[in-house]
Amino acid sequence: MAESDTRDQNRDQAQEHAQDRRCRGRPQLRPDGETRQIIYEAARHEFADHGYAATSMETVARRAGVSTKTLYRLVPNKATLFEGMVSDRLDRFLSEFNLRAVDHTDIAEALHAALMSCADLMLDEDVIALQRMILQETGKFSDLAGTFYKNGIRRTVAALADWLRAQQARGLIVLDDADEAAGMLIGMLSSAPQRAAIFGGVPMLSRPAIEARVRACVKLFLRGCQQA
C-alpha cells in the first residue's frame, strides 16, 4: 500500500472504529457493486479536479458519501481506485456503444452514431482533465499512463474495430485492417481537439461542433471504404 494511503487509513482509524460500533448490526442498504460505482464516479471528479497526488482516499470517500472503512473494504488503495475508475467508465461506454451503434441499416447513420458514442468518451471534459493530469504527473506515478492506455485508449479502439468488422461482415464496408482503421478514425475524430485542450488551453468543442466534426469524419472515411 502507498504511504499516502497508509496515512489516510491511520488518520481515520479511531473515527471509523467508533462509527463501526455504532453501525454494527444494521442491514446493508446498498449492494457493493452500486457503492463501488458511486465511489468511482466520485474518484473521477476528484482526480480530474485535483490531480492524482493531491487526491486522497479520504476525500474520495467524503465526496462519495461513504465511510473510509467502506471505501478501503471495496477498493484497497489509490492505484486500484484509479484503475477501477477508468475501467468502470469504459465498461459503461462500451455498453452504450453497443446499444446505440449496431442496429442502423444505413452505414453513414450507423457510423455517425458509433463515432458520437466515441466522442462522448474521448472528448468528455473530465476525460480530458484526466489526460492532462496524467501528463503532468506520470513522472512521479509511472503506472498512470499505462493504466489509462490499457483500460481507456486500447479498449476504445478495440470496441470500434469490432464494430467495423461487424459492418464489414454485413457487406457495408471494405477494410484491409479493422484495427488500424479504428485507430485512424478515433485519431481523426479526437486527436486535434484533445491536443488543443490539453496543450493549448482551448475550450472543448461544443456539442454542435462535435456533431459537425463527426459528420466530416464519416464522410471522409466512407469515401475510402464503402462498397460501390
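Residues numbered from 1 in each chain as written. Predicted model: local features only at pLDDT ≥ 70, side-chain atom pairs only at ≥ 80, totals over all residues. Heavy atoms only, no water.

S.K.: What exactly am I supposed to notice about the packing of helix α2 (residues 32-50) against helix α3 (residues 57-64) here?
M.R.: The axes of two packed helices give the description: the angle between them and the distance between them. Packing of α2 against α3 brings their axes to within 8 Å, and their N-to-C directions diverge by 125 degrees. Relative to α3, the element α2 is oriented oblique. In this structure, the crossing between α2 and α3 has a hand that is right-handed. When α2 is examined against α3, the residues I38, I39, A42, A43, H45, E46 and D49 are found in contact with a partner set consisting of T59, V60, R63 and A64. Within the contact of α2 with α3, the residues separate by chemical class into 6 nonpolar, 2 polar and 3 charged. (Axes fitted to C-alpha atoms, helices over the stretch in contact; angles between N-to-C directions. Helix = DSSP H or I, 4+ residues; strand = E, 2+ residues; numbered from the N terminus. Parallel < 35°, antiparallel > 145°, perpendicular 65-115°, else oblique. Left-handed = near helix turned anticlockwise from the far one by under 90°. Contact = heavy atoms within 4.5 Å. Nonpolar A, V, L, I, M, F, W, Y, C, P; charged D, E, K, R; others polar.)

S.K.: Even after reading the chapter, I still don't get the environment of K69, so can you show me in this structure?
M.R.: Inspection of the secondary structure puts K69 in helix α4 (residues 68-74). According to the relative accessible area criterion, K69 is partly exposed, its value standing at 45%. Along the chain, K69 and E58 lie 11 residues apart, while their C-alpha atoms are 9.6 Å from each other. (Buried < 20%, exposed > 50% of the residue type's maximum accessible area, 1.4 Å probe, protein only.)

S.K.: Help me understand the nonpolar core, please; the structure alone is not making it clear to me.
M.R.: A general feature of soluble globular proteins is that nonpolar side chains tend to end up buried together. Counting 65 residues, the largest nonpolar core has F47, L81, F82, L160, W163, L164 and F221 as the members making the most contacts within it. Top contributing element to this core by residue count: helix α6 (residues 107-122), with 10 residues. Excluding residues that lie within four positions of it along the chain, F47 makes contacts with Y52, T55, K78, L81, F82, M85, L130 and M133. (Core = buried A, V, L, I, M, F, W, Y, C linked by side-chain atoms within 4.5 Å.)

S.K.: It is not clear to me how the packing of aromatic side chains should be interpreted in this structure. Could you clarify?
M.R.: When we look at a pair of aromatic rings, we describe it by the centre distance and by the angle of the planes. For the coordinates displayed, the defined rule picks out 4 aromatic pairs. By the ring-pair criterion, three or more aromatic residues cluster together here, those being F47, Y52, F82 and F141. Cation over ring: K78 sits above Y52, and NZ or CZ is 4.7 Å from the ring centre. (Phe/Tyr/Trp six-rings, centres within 6.5 Å; stacked < 30°, edge-to-face > 60°. Lys NZ or Arg CZ within 6 Å of the ring centre and 35° of its normal.)

S.K.: What exactly am I supposed to notice about helix α9 (residues 178-200) here?
M.R.: Spacing of three or four residues puts side chains on the same side of an α-helix, whose turn is 3.6 residues. Here α9 contains 23 residues, and its C-alpha end-to-end distance of 32 Å stays within 8% of the 33 Å for a straight helix at 1.5 Å per residue. By the largest-angle criterion, S190 marks the main kink of α9, which is about 40 degrees, and a proline, P193, follows within four residues. Of the residues making up α9, those classed as buried are A178, A181, A182, L185, I186, L189, S190, P193, Q194, A197 and I198. At the N-terminal end of α9, a side-chain oxygen is found 3.0 Å from the backbone nitrogen of D179, two or three residues along, and the residue is D177. (Expected span 1.5 Å × (residues − 1). Bend = angle between axes of the 7 residues up to and from the residue. Polar contact = N/O pair within 3.5 Å; in protein donor to acceptor, adjacent residues only side chain to side chain.)

S.K.: It is not clear to me how the pattern of salt bridges should be interpreted in this structure. Could you clarify?
M.R.: A pair can form between side chains of opposite charge whenever their charged atoms are brought close. Across all of its chains, the model carries 15 salt bridges by this definition. The salt bridge partner of D162 is R165, with a shortest N-O separation of 2.8 Å. Note that D162 and R165 are positioned in helix α8 (residues 143-169) at a spacing of 3 residues, about one turn of the helix. A residue is classified by how much of its surface remains accessible, and D162, at 47% relative accessible area, is partly exposed. (Salt bridge = Lys/Arg side-chain N within 4 Å of Asp/Glu carboxyl O.)

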